[in-house]
Amino acid sequence: GDKVKQSPSALSLQEGTNSALRCNFSIAATTVQWFLQNPRGSLINLFYLVPGTKENGRLKSAFDSKESYSTLHIRDAQLEDSGTYFCAAEAGGSNAKLTFGKGTKLSVKS
Amino acid sequence: EAAVTQSPRSKVAVTGGKVTLSCHQTNNHDYMYWYRQDTGHGLRLIHYSYVADSTEKGDIPDGYKASRPSQENFSLILELASLSQTAVYFCASSEGDRQYFGPGTRLTVL
């Protein structure tokens, strides 16, 4: 099965609303990264997380290594938040290798 | 933020031909990675390197070779391109933590 499972696979939001994306891990993740692939195809690194929480503007992410999951919260969604969000986990001793989930496709509508 | 560039940005190759994809980074990162992305999927690691003149196999190395002649440059080589290698290829670099991605190379094998 998938080592990194993302949910939901797709999501449609109205501008100004909030949402949460989730990743569950079946590997012993030690760090997590979240990326946004924008409609042009570029991959933008949003967060690098050790266990704990980080916030950046309207985005907030948490990583719980004991319960093997991570979340990405989007507050006050904007049109430019549209794209596909990927989480990726590094397992201990993996030499900085990442295992990616299959992504959550987010569409923000006005 | 690391600057990672890739060339070519797109390429059409014939089955059985040799293809070389190039990646260049300008931030003195030790780690470099090659991933492939297939439509509707996350990224999968092909090869990576943590020091010049040395490469390591990732999760899907079959049919690919890699070369790291210097800290700045990392190439992916398809000796005998096949139809199944049609994909978008991304290069990334890091210092062992946050990964920064290049713009991608769209490869079509006919």
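The structure under discussion appears in the preceding block.
Residues numbered from 1 in each chain as written. Chains lettered and ligands numbered in written order. Predicted model: local features only at pLDDT ≥ 70, side-chain atom pairs only at ≥ 80, totals over all residues. Heavy atoms only, no water.

Trainee: What is the right way to look at the overall build of chain B in this model?
Mentor: Assigned secondary structure in chain B consists of zero helices and eleven strands. Counting from the amino terminus, chain B carries its helices and strands in the arrangement β-β-β-β-β-β-β-β-β-β-β. Computed over its C-alpha atoms, the radius of gyration of chain B comes to 13 Å, within 12% of the 13 Å expected for a compact globule of 110 residues. Considering only C-alpha atoms, chain B reaches an extent of 35 × 30 × 25 Å along its principal axes. Taking all 110 residues of chain B together, the buried fraction comes to 49%. Within chain B, contacts between residues at least 6 apart in sequence are counted, and of these 55% link residues at least 24 apart. Across chain B, the centroid of the 10 positively charged side chains sits 10 Å from that of the 11 negatively charged ones. (Helix = DSSP H or I, 4+ residues; strand = E, 2+ residues; numbered from the N terminus. Rg over C-alpha atoms; globule rule 2.2 N^0.38 Å. Buried < 20%, exposed > 50% of the residue type's maximum accessible area, 1.4 Å probe, protein only. Contact = heavy atoms within 4.5 Å. Lys, Arg positive; Asp, Glu negative; His and termini not counted. Charge placed at Lys NZ, Arg CZ, Asp CG, Glu CD.)

Trainee: Looking at this model, I keep getting lost on the packing of aromatic side chains. Mind explaining?
Mentor: The geometry of an aromatic ring pair comes down to the distance between the two centres and the angle between the two planes. Tallied over the full model, the rule gives 14 aromatic pairs over all chains. A centroid spacing of 6.3 Å and a plane angle of 85 degrees characterise the contact between Phe100 of chain A and Phe101 of chain B, whose relative ring orientation is edge-to-face. Residue Phe100 of chain A is located in strand β10 (residues 99-100), and its partner Phe101 of chain B is located in strand β10 (residues 100-101); the two belong to separate chains. Phe101 of chain B shares its class with Phe100 of chain A; the two are buried. Each ring, one from Tyr35 of chain B and one from Phe101 of chain B, has its centre 5.4 Å from the other, and the planes form 40 degrees; the classification is tilted. One end of the pair, Tyr35 of chain B, is in strand β4 (residues 31-37); the other, Phe101 of chain B, is in strand β10, with 66 residues separating them in the sequence. Take Tyr35 of chain B: its relative accessible area is 0%, and that puts it in the buried class. A residue is classified by how much of its surface remains accessible, and Phe101 of chain B, at 11% relative accessible area, is buried. (Phe/Tyr/Trp six-rings, centres within 6.5 Å; stacked < 30°, edge-to-face > 60°.)

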